[in-house]
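# Geometric and topological summary
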Amino acid sequence: MNGVHDMGGLQNMGPVEYEKEEPVFHAVWEGRIYGINRSLRALGKWNLDAWRYQIELLPPADYLRMKYYERWLRINEQLLVKHGLVTPEELATGSAEPGSATAIPALTAAVAAQGLGYGIPASQDLAEPQFKIGERVRARNMNPIGHTRLPRYARGKVGAIVRDHGVYAYPDTNAHFQGENRQHVYSVRFGARELWGEQASPLDSVHLDMWDNYLEHA
Amino acid sequence: MAEHKHDHDHEHQAVPSDAALRVKALESLLVEKGLVDPAALDLLVDRFENKVGPRDGARVVARAWVDPAYKRRLLADAPSAIAELGYTSGQGEHMVALENGPKVHNMVVCTLCSCYPWAVLGLPPVWYKSAAYRSRAVIDPRGVLREFGSQIDEDVEVRVWDSTAELRYIVIPERPAGTENMSEAELAELVTRDAMVGVSKVAAPGDKP
């Protein structure tokens, strides 16, 4: 989706504001929603791509206005309702409806103590790579309305494969529960001038991680 | 319920305090429904506030500085090399180490969300997740670096890494001059979070960063 989350290359967003001695969480509620988020993800009802897409669906003005963990709060509420784990009435009252099912938390303290991952692991599946290291490639010009990890600023641009990272689930289908569609992910190097024109340094580059489906031979 | 408790008197605080109340209500609802274990929340908060953080990444960098064989392993297979020091991100989020040198400066961003090498740096600071950083890091990296006080010479390549997939990048900064006699533990003290994201360099001891 061509949303405001796709920020690479936007201008007029102001200077980078730096906080010295920044705390990990700025308020108790930030830590709690962080933990709630990870606990709910552990239920396995939605994957990380679906989670990211839910954030991208926030109305643009809300997305820009909200603090980071406010977005997490909003989308966890939405995902809970969307997946039938909580009713809108329960969210409004803060209490379970009489007779509602009682689950067992997927993420107990004992499980959390083992350490846990968060991303989507590389797949051990063998998939044939469509591109070779050193090969020139063009990022496809595509504008899906759904989830994608191909930023607008790279679409249509020509780069070169510098590394093959192995096989990963394809976000554009995985986010919509249409299958993992596993394929190779590569580091692709784009010259800064290819992306931004003459104003960029001729030496500089931007590397993006790109799935087979984002690329075509150039 | 709680949302009507506070009025419009402090508009600039209304949003966060509302969030605090909503999170509290949500947690109690989810605990009641058996979807969340509050002890797991306590544990996660404690882990990120007190256990996982940039000190971990700094140990990885210091080891790479003093042990060339370790650095080679780190550059070739970061997850295994990082696991040697006892750090793991569990499933997912494959770490990649990027080495700075006299002619290359690496810098990490996630333009689409907030992907960050939390397994060795902890949770990202607010600036890393901000619209300002996410938008500018790819189009004006040298301008961003200057704001961080990092002057990168014209003849040095700035390589920006946009974390668009499940790879998570950590920068191995250049070891500063004058540190030849320092121990690995002393070196680790010099390495900052910002240097491992690639927005600054590691200052020599006694230098102003």
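As the structure is a computational prediction, the values presented were derived from the model and not from experiment.

On to the overall build of chain B. Helices and strands together make up the secondary structure of chain B, namely 11 helices and four strands. Across the 209 residues of chain B, 58% fall into the buried class. Put simply, 66% of the contacts in chain B that link residues at least 6 apart link residues at least 24 apart. Accessible area of chain B: about 8800 Å², with a carbon and sulfur share of 52%.

What follows is about empty space enclosed by the protein. Taken as a whole and assessed by the stated rule, the structure comprises three cavities of 30 Å³ or more. Along the wall of the second largest cavity there are 14 residues; nearest its centre are Ile55 and Tyr63 of chain A together with Leu112, Cys113 and Ser114 of chain B. Breaking the lining of the second largest cavity down by element, the ones donating at least two residues are helix 2 (48-56) and helix 4 (68-82) of chain A. Ranked by the residues each element gives to the lining of the second largest cavity, the list is headed by helix 2 of chain A, at four residues. Considering only residue class, the lining of the second largest cavity consists of seven nonpolar, two polar and five charged.

All right, on to the packing of helix 1 (residues 28-41) of chain A against helix 4 of chain A then. How two helices sit against one another is set out by the angle between their axes and by the gap between those axes. All names here are of chain A. Relative orientation of the contacting elements helix 1 and helix 4 amounts to 35°, with a least axis distance of 10 Å. Like other packed secondary-structure pairs, helix 1 and helix 4 cross with a definite hand, here left-handed. Residues Trp29, Glu30, Ile33, Tyr34, Asn37 and Leu40 of helix 1 form the contact with helix 4, whose participating residues are Tyr69, Glu70, Trp72, Leu73, Asn76 and Leu80. Grouping the amino acids of the contact of helix 1 with helix 4 by side-chain chemistry returns eight nonpolar, two polar and two charged.

Conventions used here
Residues numbered from 1 in each chain as written. Chains lettered and ligands numbered in written order. Predicted model: local features only at pLDDT ≥ 70, side-chain atom pairs only at ≥ 80, totals over all residues. Heavy atoms only, no water. Helix = DSSP H or I, 4+ residues; strand = E, 2+ residues; numbered from the N terminus. Buried < 20%, exposed > 50% of the residue type's maximum accessible area, 1.4 Å probe, protein only. Contact = heavy atoms within 4.5 Å. Areas by Shrake-Rupley, 256 points an atom, 1.4 Å probe, with all protein chains shown as cover. 1 Å grid on protein atoms, 1.4 Å probe; cavity = no way out; pocket = protein on both sides within 12 Å on 5 of 7 lines; lining within 4 Å. Points joined across faces, edges and corners; volume = space filled by probe spheres on them. Nonpolar A, V, L, I, M, F, W, Y, C, P; charged D, E, K, R; others polar. Axes fitted to C-alpha atoms, helices over the stretch in contact; angles between N-to-C directions. Left-handed = near helix turned anticlockwise from the far one by under 90°.

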